[in-house]
Amino acid sequence: MRRWTSLLALGAALTLAGQAADAKKKDKGAKAETPYASTYKAYPGRPTALVGAIVYDGRGGRIENGTVLFENGKVVAVGGPELAIPAGYDRVDGAGKFVTPGVIDIHSHLGVYPSPGVDANSDGNEMSSPTTPDVWAEHSVWPQDPGFSRALVNGGVTSLQILPGSANLMGGRAVTLKNVPSRTVQGMKFPGAPYSLKMACGENPKRVYGAKGQKPSTRMGNFSVNRQAWIDAKQYMDGDHAERDLGKDTLEGVLKGEILVQNHCYRADEMAQVLDMAKEMGYKVTAFHHAVEAYKIGDLLKANDVCAAIWADWYGFKMEAYDGIPENAALLAKQGACVVIHSDDENGIQRLNQAAARAQASGRRIGVDIPDAQVVGWFTYNAAKAMGIGAKTGSLEAGKMADVVLWNGNPLSVYSRPEKVWVDGAMMYDAGDPKRKPVSDFELGQPGEGDVK
Amino acid sequence: MKSRLFIAALLAAAPLPVFAQDFAVTNATLATGDGGAPIEHGSVIVRAGKVVAAGAGVAVPAGVQTVDGTGKWVTPGLFSAVTDLGLWDVEAVTDSNDMSAEKSPFNAALDVAVALNPSSQHIAVSREGGVTRASVAAFNGGSIFAGQGAVIDLGADAAIVMRPRAFQYVELGEAGARLAGGSRVAAHTALRNALREAREAAALTPGAQRQGDVLLTRADALALAKVIDGSQPLYVGVERAADIRSVLALRAEFPKLDLVLVGATEGWLVAADIAAARVPVITMPMRDLPATFETLAATMSNVGRMKKAGVKVAIGMFAGMDQPRYAPQQAGNLVALTKMPGATGLSWGEAFAAITSVPAEISGFGGKLGVLAPGAVGDVVLWDGDPLELSSAPVEVWIDGVKQPLDNHQSRLRARYKDLDETYLPKAYDW
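Notes on the structure follow. (Residues numbered from 1 in each chain as written. Chains lettered and ligands numbered in written order. Predicted model: local features only at pLDDT ≥ 70, side-chain atom pairs only at ≥ 80, totals over all residues.)

A look at the sheet that holds strand 10 (residues 260-265) of chain A
Residues and elements named next belong to chain A. The condition that has to hold: Any two strands with at least two DSSP bridges between them are considered paired. Numbering of helices and strands runs from the N terminus; a helix is a DSSP stretch of H or I covering at least four residues, while a strand is a stretch of E covering at least two. The axes used here are C-alpha line fits, helices contributing only the stretch in contact, and every angle between their N-to-C directions lies in the interval 0 to 180 degrees.
As summarised here, the arrangement of the eight strands in space is 6-7-8-9-10-11-12-13, forming an open sheet in which the pairing is mixed. A strand with exactly one partner marks an edge of an open sheet, and here the two such strands are strand 6 (103-108) and strand 13 (339-341). The sheet shows a mean angle of 25° between the axes of neighbouring strands, taken without regard to direction. Here strand 7 (residues 157-162) pairs with strand 8 (residues 170-178) via four bridges, running antiparallel.

In structure tokens form, the structure reads like this:
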């Protein structure tokens, strides 16, 4: 058989190299206030009352026979059957069904490694320098990637963070999107979401650049290159900015706490080293991604207030993933650390709820019983928090964005699917209406256009 | 037919399981793998490594050890069709990986059986997930022919190979085109030429010379002779509807080809043709993206639609990060589709059969593997709930009637790190 293995988790470093690009472009022009600003606007919605479902609020709350009210794109109220439904609200019967916040994927490459995965569309790794904090993922995102639509209809995904790949120590800026189709990337950008810097430790950077006969070719080389980059950035930060440096702009943003750090890292010992590097240089790691050994240092992650964004049970595909175990999430939760279930995969993003359920079950079998309501937070609120949008979405609370999924059954069951999905109160998917789902430009006129997917 | 006789002799000579015990699982929810609905209060009886009875109201003979299945499910072991089990320790550590051989002068002659490692962690982890049998494929190196796969058992013993050289694998479509030199045209030409050379090589009298214009080594040509006469199935990796038609058309030239389609992401578009040709399909059902230009019509309803058209379809192709233990989740998702307007899924029984009896039948072990029925091997899995549900896992696994250890590298790690207490000694002493 031919190999099907996704290249992404291997760091996408196995994809064809050879994109020649000038990594550090200098721009002496004035710094625009908000370049490439979001033009996202919520679509019209109707005042809606979801009634009678079991509601998970994303922050550990569970309401039997719950009521969720939203209007003008915002959650108005969440409560029990006693909650009065204002006049003019559409009533959606949720009896026997479940309601959660919209699903959020903190680690996606949709758009930058889109379908079809042809070389011409491969825009996720700027593999021309081990540090490319100057590149922005949003400049690679192809909004017509059909993967966005699958994530919406099968996965209930309403927000997602698109990251550069992990070939580089500093891969560039990530972008957070609303999962609402648009002709432009700006039209998908999550309004007000902070940027993140994608970093990567371990095998990928040293393999990619070591193979080119350049630094880094070892893990110690990884740290050396990183530390020097931070030292240079601090010097830049303290300078007059007469000559702008796009990469150092990004690092300065991190040092000032304006830009988050999403750090691809597998091994426990290496994460501990990164935490010390962050202390040394004066920045904060928001989340370790993949983190298959996070369970070995749950105490350390908790003490440093760092989330682990992980698969349920991927392991063994590369050396630094050899110690991955299905109990990772549950053991982290037991230790009080922040758990996020991520996909890093165009198929996995359609089943984040299922991955979380698998991880939960693995914990339960060793006596670590994490309640359903908390597990729902692994793919909703915790992801939002680690993306810096936790105050806006990720949970069902009055005043927050009405990003909502109505599931036709328990979202932690394999037999359940999203039935309706609202983004900012606008119904973007309805399983009962064949036309109420997005079809990308790419799929028009192709076999299977508009099919159930 | 030679090879079949040989295989029969091998099977007859295989030693009986040493520790096979007679046992029965009683009062469990029983799924036999036959495609039917689960049976409440079912029992299974295994004697001398074989199933002797399975059903409701089965009486357990005196002296047979009984496992109470109350509140649990009992099923046959899962059959993982077309996988990489036993071929690597760490997939990306190439020294540990025997999936493919890019630099080998051989292709069709390659035989995975010699490399299979029963001590692989990947096998141990899959066994813990209820997988008891598999067909292990060769993976393409430098040729459209990947080589010969084997049917294995996952028992914790040295005898891993159940049937060596169980099938040949050829890759067509986009990947085959690249391997053949750049086009589908080249792939089909290479395939036909190889089969011609195989026919000629097989017909040679001892000591006779092959003709001059040969591209295949003698070993490769002789390996393919078994494909031409139908004594060895030919698994064909193919996705696009048009490519599937081209594969089915091969039978006009090579009538004895015993074809199995692997992939067939656009199979639903040509389901009637596949059914009419009586060619089975092994596929990964949750692929619903136009990942390539040969999977534009991908949909999760592919399996359901093909099944409805009369195609025999198994779930498989678990390799790399798609682990064999995920098969129940894939099957469960097909059941989920039955509730989705416009989608075509499978009933619970059909979905479970697609990861047990159907892949076993396609692999040549119908009635023997993937089912709980009299005469089948004693591969039994006791689950703590509905095996297709995300919350469920095996609690006991028997292979050939032998109770299996479920420990592995992962279970040892989880035992060590269940707490992080190092008050008295480092974690390295906790084992």
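After that view, the rundown keeps rolling.
Observations concerning the pairing of strand 5 (residues 73-76) of chain B
Residue and element names in this part refer to chain B. In this sheet, strand 5 lies alongside strand 1 (residues 23-30) in parallel orientation, the contact comprising two bridges. Bridging across to strand 5, leucine 30 finds its partner in valine 74. Where strand 5 and strand 14 (residues 380-383) come together, four bridges link them in antiparallel fashion. By the bridge assignment, valine 74 is partnered in strand 14 with leucine 382.

Comments concerning the interface of chain B and chain A
Selection criterion: This entry defines residue contacts through backbone-placed C-beta atoms, with two residues in contact when those atoms are within 7 Å. Lys, Arg, Asp and Glu make up the charged group, whereas Ala, Val, Leu, Ile, Met, Phe, Trp, Tyr, Cys and Pro make up the nonpolar group; the residues left over, Gly among them, are polar.
On the chain A side, the residues contacting the 56 residues of chain B number 54 residues. Of all the secondary-structure elements, those providing two or more residues to the side of chain B that touches chain A are helix 2 (121-128), strand 9 (161-171), helix 9 (327-336) and helix 12 (409-416) of chain B. For the side of chain B that touches chain A, the element with the highest residue contribution is helix 9 of chain B, accounting for five residues. Taken together, the residues that form the side of chain B that touches chain A break down as 33 nonpolar, 14 polar and nine charged.

Focus: the nonpolar core
Soluble, globular proteins show a tendency: their nonpolar side chains are buried together. Operational definition: Only buried residues count toward a nonpolar core: Ala, Val, Leu, Ile, Met, Phe, Trp, Tyr and Cys, linked into one set through C-beta atoms within 7 Å. In this scheme the burial state of a residue depends on its C-beta neighbours within 10 Å: 20 or more other such atoms mean buried, 12 or fewer mean exposed, and anything in between means partly exposed; the C-beta positions come from the backbone.
Ala308(A), Val340(A), Ile341(A), Ala356(A), Val44(B), Val236(B) and Leu261(B) are the most contacted members of the largest nonpolar core, which totals 274 residues. Among all residues touching Ile341(A), those that are not within four sequence positions of it are Ile310(A), Ala312(A), Ala329(A), Leu352(A), Ala355(A), Ala356(A), Ala359(A), Trp378(A) and Phe379(A).

Some words on unusual backbone geometry
All names here are of chain A. Cis peptide bonds are those with omega within 30 degrees of zero, and the linkage from serine 115 to proline 116 qualifies with -5°. Here lysine 215 and proline 216 are connected by a cis peptide whose omega angle stands at 0°. Structurally, proline 216 is set in the loop between helix 2 (203-210) and helix 3 (219-238). Although it is not a glycine, tyrosine 36 sits at a positive phi angle of roughly 55°. Among the structural elements, tyrosine 36 can be located in the segment before strand 1 (48-56). For histidine 241, which is not a glycine, the phi torsion comes out positive at approximately 60°.

Here we look at the pairing of strand 9 (residues 196-200) of chain A
Working note: regular strand, side chains alternate between the two faces of the sheet. Residues and elements named next belong to chain A. Of all five residues that make up strand 9, five are buried, and the element is covered over most of its length. Residues Ser196, Lys198 and Ala200 of strand 9 are buried on one face, and the alternating residues Leu197 and Met199, pointing to the opposite face, are buried as well. Of the strand pairs in this sheet, strand 9 and strand 10 are connected by five bridges, and their pairing is parallel. Counterpart to lysine 198 in the pairing with strand 10 is glutamine 262.

A few points about helix 2 of chain B
Residues and elements named next belong to chain B. For helix 2, the tally of buried residues reaches seven of eight residues, placing the bulk of the element in the interior. Turning to helix 2, its buried residues number three or more, namely His122, Ile123, Ala124, Val125, Ser126, Arg127 and Glu128. Check the buried side of helix 2 and you find it contacts strand 7 (131-136), strand 15 (394-399) and helix 12. At the C-terminal side of helix 2, glycine 130 shows a positive phi close to 95°.

Focus: the packing of helix 3 of chain A against helix 4 (residues 246-255) of chain A
All names here are of chain A. Counted only if it meets this: Each angle is binned into one of four classes, with values under 35 degrees roughly parallel, values over 145 roughly antiparallel, values of 65 to 115 roughly perpendicular, and all other values oblique.
The N-to-C vectors of helix 3 and helix 4 enclose an angle of 85°; their axes lie 9 Å apart at closest approach. By the angle between their axes, helix 3 is roughly perpendicular relative to helix 4. Contact with helix 3, carried on its side by Ala229, Trp230, Asp232, Ala233, Lys234, Tyr236 and Met237, involves Lys248, Leu251, Glu252 and Leu255 of helix 4 and no other residues of that element. Of the residues that constitute the contact of helix 3 with helix 4, the class distribution is seven nonpolar, no polar and four charged.

Section: the packing of helix 3 of chain A against helix 5 (residues 268-281) of chain A
Residue and element names in this part refer to chain A. Heads up, the rule is: Helix crossings get a hand from a simple test, with the near helix turned counterclockwise from the far one by less than a right angle marking a left-handed crossing and a clockwise turn marking a right-handed one.
Packing of helix 3 against helix 5 leaves a shortest axis separation of 10 Å and a crossing angle of 20°. Judged on the interaxial angle alone, helix 5 and helix 3 are roughly parallel. Here helix 3 and helix 5 pass one another in a crossing that is right-handed. Where helix 3 approaches helix 5, its residues Phe223, Asn226, Arg227 and Trp230 are matched on the opposing element by Gln273, Met277 and Met281. Class assignment for the residues of the contact of helix 3 with helix 5 results in four nonpolar, two polar and one charged.

Considerations on helix 4 (residues 184-203) of chain B
Residues and elements named next belong to chain B. Using the following cut-off: A helix is expected to reach a length of 1.5 Å times the quantity of its residues less one.
Look at helix 4: 29 Å from first C-alpha to last across 20 residues, which is about the 28 Å you get at 1.5 Å a residue. Taken residue by residue, helix 4 has Ala187, His188, Ala190, Leu191, Ala194, Leu195, Glu197, Ala198 and Ala201 as its buried positions. Turning to helix 4, the residues buried within the fold contact strand 8 (145-153), strand 9, helix 3 (173-179), helix 5 (218-228) and helix 6 (241-253).

Comments concerning the sheet that holds strand 8 of chain B
Residues and elements named next belong to chain B. Taken in spatial order, the eight strands line up as 6-7-8-9-10-11-12-13 in an open sheet, and their pairing is mixed. Both edges of this open sheet fall to strand 6 (78-83) and strand 13 (313-315), since each of them pairs with a single strand only. Adjacent strand axes in the sheet meet at a mean angle of 25°, parallel and antiparallel pairs treated alike. Looking at chain direction, strand 12 (residues 281-283) and strand 13 are connected through three bridges and run parallel. Paired with isoleucine 282 across the strands is alanine 314, a residue of strand 13.

Description of the environment of Pro374(B)
Here Pro374(B) is to be found in the loop between helix 11 (357-362) and strand 14. With sequence-adjacent residues up to four places away left out, Pro374(B) is seen in contact with Val51(B), Val52(B) and Ala53(B).

Notes on the environment of Val227(B)
All names here are of chain B. Among the secondary structure elements, valine 227 is positioned in helix 5. Take valine 227: there are 26 C-beta atoms within 10 Å of it, and that puts it in the buried class. With near-sequence residues (within four places) excluded, valine 227 lies in contact with Gln168, Ala198, Gln232, Leu234 and Leu257.

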